[in-house]
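Chain by chain, the residues run as shown.
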Amino acid sequence: MGFTVRDFNDLMRLLDRHPEWVEALRQRLLTRELLDSPKTLRRLSLRVGRVERAVEDLKATVQDLAQSVQALTESVAALIQAQQQRDEAFAAFRAEVDRRFAELAEAQRRHYEEFAAHRQEFLEYRAETDRRFAELATAIQALAQRVDNLDGLVRGWVHEDRYRTRPRRYRRLLLDPHILSTEAREALLRQAEAAGRLTPEEAAELEDADVLVQGRSRATGGEAFLVVEVSAKVDTDDVERAVERAEILRKARPEAEVIPVAAGPEIHPLAARAARDQGVWWLTDGRPYAPHEIPQEP
């Protein structure tokens, strides 16, 4: 016969009356795993407790991490916003720089055009100035030359006056020297022309001689003349004129001794050589130098 509910109820009453049978029945009915399951469940409960605590800790960590991520997100957002602001500021700065460079390039272009125009004007002004300075330099040079010439003339006139008015300067060349006056020179030339010894041109050339001195030759005692060309610094022209005019005077007075003389405080080396070669005396400060006595480097 099968096990009924009544039988189960009777069993339960018996177990209530005999609690010690419960453990024996439990051991009979349950396997070793089921018997050990409470311990396992307690251990599992402990582990679950630890896991729950770890989960709680993890939740706290995750919460902290979430807060950190939120703070980081906010910082990144702030950085992005700041970067955007910097980008905008840089773009504005670059636009301003480009604008100023454009203005500078335009100003430079205008200045270059103005400079080119002014440079052309300056070059024209400089060319005109250079031309005027060249003209001025030429004029100054010409004036300096005229001043030099005038100075030479004045000095020549001064020296010529000394040699025209002081016959004592010629005593070492002639005996009893006297300087022919304008009237005496004119009378000598008229007589020579009348005798046919001089042409009018030769008479005019001799009339231009600086000084004519008449006296007696120291060598022979006969009539003698000096044809004197005076200059502050004797040059070759003075020597040539003295020679030419002495030749004319020899034609006018062929019986007289005629000596060409170049007078002055200085003599050019070329003039000194010409004087030595052509027999012209050099008279300086009353001291006469015969042609062969003129120094090589006066």
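Residues numbered from 1 in each chain as written. Predicted model: local features only at pLDDT ≥ 70, side-chain atom pairs only at ≥ 80, totals over all residues. Heavy atoms only, no water.

### Considering the overall build of the protein chain
Alright, step 1. Within the protein chain one finds 7 helices and 8 strands.
Alright, step 2. Each of the 298 residues in the protein chain was classed as buried or not, and the buried ones make up 25%.
Alright, step 3. By element, 56% of the accessible surface of the protein chain is carried by carbon and sulfur atoms, the whole surface being about 21200 Å². (Helix = DSSP H or I, 4+ residues; strand = E, 2+ residues; numbered from the N terminus. Buried < 20%, exposed > 50% of the residue type's maximum accessible area, 1.4 Å probe, protein only. Areas by Shrake-Rupley, 256 points an atom, 1.4 Å probe, with all protein chains shown as cover.)

### Some points on the nonpolar core
If you look at soluble globular proteins, the nonpolar side chains tend to sit buried side by side.
Alright, step 1. By size, the foremost hydrophobic cluster in this structure holds 17 residues, and its most contacted members are L188, L212, F225, V227 and L249.
Alright, step 2. Listing elements by their share of this core, those giving two or more residues are α4 (182-194), α5 (200-207), β3 (223-230) and α6 (236-252).
Alright, step 3. If you tally residues by element for this core, the top one is α6, at 4 residues.
Alright, step 4. Y163, L174, V228 and A263 belong to the second largest nonpolar core, which has 15 residues in total. (Core = buried A, V, L, I, M, F, W, Y, C linked by side-chain atoms within 4.5 Å.)

### Section: the environment of R287
Alright, step 1. Turning to its location among the elements, R287 is positioned in strand β8 (residues 287-289).
Alright, step 2. Residue class for R287 comes out partly exposed when judged on its relative accessible area of 44%.
Alright, step 3. The sequence separation of R287 and P265 amounts to 22 residues, and the corresponding C-alpha distance is 10.0 Å.
Alright, step 4. When near neighbours in sequence (up to four residues on either side) are disregarded, R287 contacts R172 and W282.
Alright, step 5. There is a polar contact of 3.0 Å between the side chain of R287 and the side chain of Y289. (Contact = heavy atoms within 4.5 Å. Polar contact = N/O pair within 3.5 Å; in protein donor to acceptor, adjacent residues only side chain to side chain.)

### Observations regarding the sheet that holds strand β5 (residues 257-263)
The strands that make up a sheet are held in pairs by hydrogen bonds between backbone atoms, and each pair lies either parallel or antiparallel.
Alright, step 1. The 6 strands are arranged β1-β2-β3-β5-β7-β8 in an open sheet whose pairing can be described as mixed. Looking along the sheet, the strands with just one partner apiece sit at the ends: β1 (174-179) and β8. Between one strand axis and the next, the sheet turns by 30° as a mean value, whatever way the strands run.
Alright, step 2. Seen against the sheet, α6 touches β2 (211-217), β3 and β5 and runs at an angle of roughly 150° to β3. (Pairing = 2+ DSSP bridges. Axes fitted to C-alpha atoms, helices over the stretch in contact; angles between N-to-C directions.)

### Concerning α4
Alright, step 1. For α4, spanning 13 residues, the distance from its first C-alpha to its last is 18 Å, which sits close to the expected 18 Å at 1.5 Å a residue.
Alright, step 2. Within α4, burial applies to R185, L188, L189 and A192. Seen end-on, α4 carries its buried residues on one side only, within an arc spanning 95°. Structural note: α4 exposes E183, Q191 and A194 on the side pointing more than 90 degrees away from its buried face.
Alright, step 3. Following α4 by one or two positions, G196 adopts a phi angle in the positive range, close to 80°. (Expected span 1.5 Å × (residues − 1). Arc of directions from axis to C-beta.)

### Considerations on the pattern of salt bridges
Alright, step 1. Taken as a whole and assessed by the stated rule, the structure comprises 19 salt bridges.
Alright, step 2. Two residues, E96 and R99, come together in a salt bridge whose shortest N-O distance is 2.3 Å. You can see E96 and its partner R99 sitting in helix α3 (residues 32-165), 3 residues apart, about one turn around the helix.
Alright, step 3. Of the residues examined, E96 reaches a relative accessible area of 26% and is grouped as partly exposed.
Alright, step 4. Among the salt bridges present, the one from E229 reaches R241, with a minimum N-O distance of 3.6 Å. Linking E229 in strand β3 with R241 in helix α6, this pair joins segments that are 12 residues apart in sequence.
Alright, step 5. Assessed through its relative accessible area of 1%, E229 is described here as buried.
Alright, step 6. Take R241: its relative accessible area is 29%, and that puts it in the partly exposed class. (Salt bridge = Lys/Arg side-chain N within 4 Å of Asp/Glu carboxyl O.)

Geometry only, nothing functional implied.
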